[in-house]
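Single-letter residue listing:
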Amino acid sequence: TQRNILRDSGFTDLILLRDADAAGEEAAQKEAFELSASFFHVQIAHLPTGKDPAEATLEEVTRAIDNANICTVDYSQRCLGT
């Protein structure tokens, strides 16, 4: 449903910002793959280790977004470049 809302809103470029831990990275990888397969251009932003978006400073979020990695999907269903 969320993908359809994004698509219907005209968005094509997305940046994912998840918790900076193993679970957040795994979730970002899964989402990036699914969104890329739905023809979105996806980047994954990385916060400092242990931070989550709710507690990150504006500077940390800005730096993470500015340095986001482009997601390139390979045939093993992984998002490369993150």
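If you're wondering where the values come from, they're calculated on a predicted model, not measured in any experiment. Numbering of residues starts from 1 in each chain and follows the order in which that chain's sequence is written. Two thresholds apply to this predicted model, a pLDDT of at least 70 for residue-level local features and 80 or more for giving and counting side-chain atom pairs, whereas whole-chain, interface and lining totals are computed over all residues. In computing side-chain properties, one takes all heavy atoms of the structure into account and sets aside hydrogens as well as water.

Some details on the sheet that holds strand β3 (residues 69-70)
Across the sheet, three strands lie side by side as β1-β2-β3; this open sheet has mixed pairing. This sheet does not close on itself; its edge strands, each paired only once, are β1 (13-17) and β3. Packing of helix α2 (residues 22-37) onto the sheet brings it into contact with β1 and β2 (41-45), and relative to β2 it is tilted by some 170°. Strand pairing requires that DSSP identify at least two bridges connecting the strands. By definition, any uninterrupted DSSP run of H or I lasting at least four residues is a helix, any uninterrupted run of E lasting at least two residues is a strand, and each is numbered from the N terminus. The contact criterion used throughout is that any non-hydrogen atoms of two residues lie within 4.5 Å. For helices, the axis comes from a line fit to the C-alpha atoms of the stretch in contact; other axes are also lines fit to C-alpha atoms, and the angle between any two N-to-C directions lies between 0 and 180 degrees.

Overview of unusual backbone geometry
Positive phi values are uncommon outside glycine, yet Phe 39 reaches one of about 70°. Considering the arrangement of structural elements, one finds Phe 39 in the loop between α2 and β2.

Observations regarding the pairing of β1
In β1, alternate side chains face the same way, and those of Leu 14 and Leu 16 are buried while those of Asp 13, Ile 15 and Leu 17 on the opposite face are not. Handedness of a crossover: with both strands directed away from the viewer, a clockwise path from the first strand across the helix to the second marks it as right-handed. Handedness of the crossover is the feature at issue here: the chain leaves β1, passes through α2, returns alongside β2, and the resulting connection is right-handed. Three exposure classes are used, based on accessible area relative to the maximum for each residue type with a 1.4 Å probe and protein chains only: buried under 20%, partly exposed in between, and exposed over 50%.

A word on the side chain of Glu 60
Note that Glu 60 resides in helix α3 (residues 58-66). Throughout this description, a polar contact denotes any pair of N or O atoms lying within 3.5 Å of each other; where both atoms belong to protein, one of them has to be capable of donating a hydrogen while the other can accept it, and for residues adjacent in sequence the pair is counted only when both atoms sit in side chains. Here Lys 51 takes part through its side chain, which lies 3.2 Å from a polar atom of the side chain of Glu 60. Within the local environment of Glu 60, its side chain forms a polar contact with the backbone nitrogen of Thr 57, the two atoms lying 2.9 Å apart. Beyond its immediate sequence surroundings of up to four residues, Glu 60 is in contact with Leu 47, Pro 48 and Lys 51.

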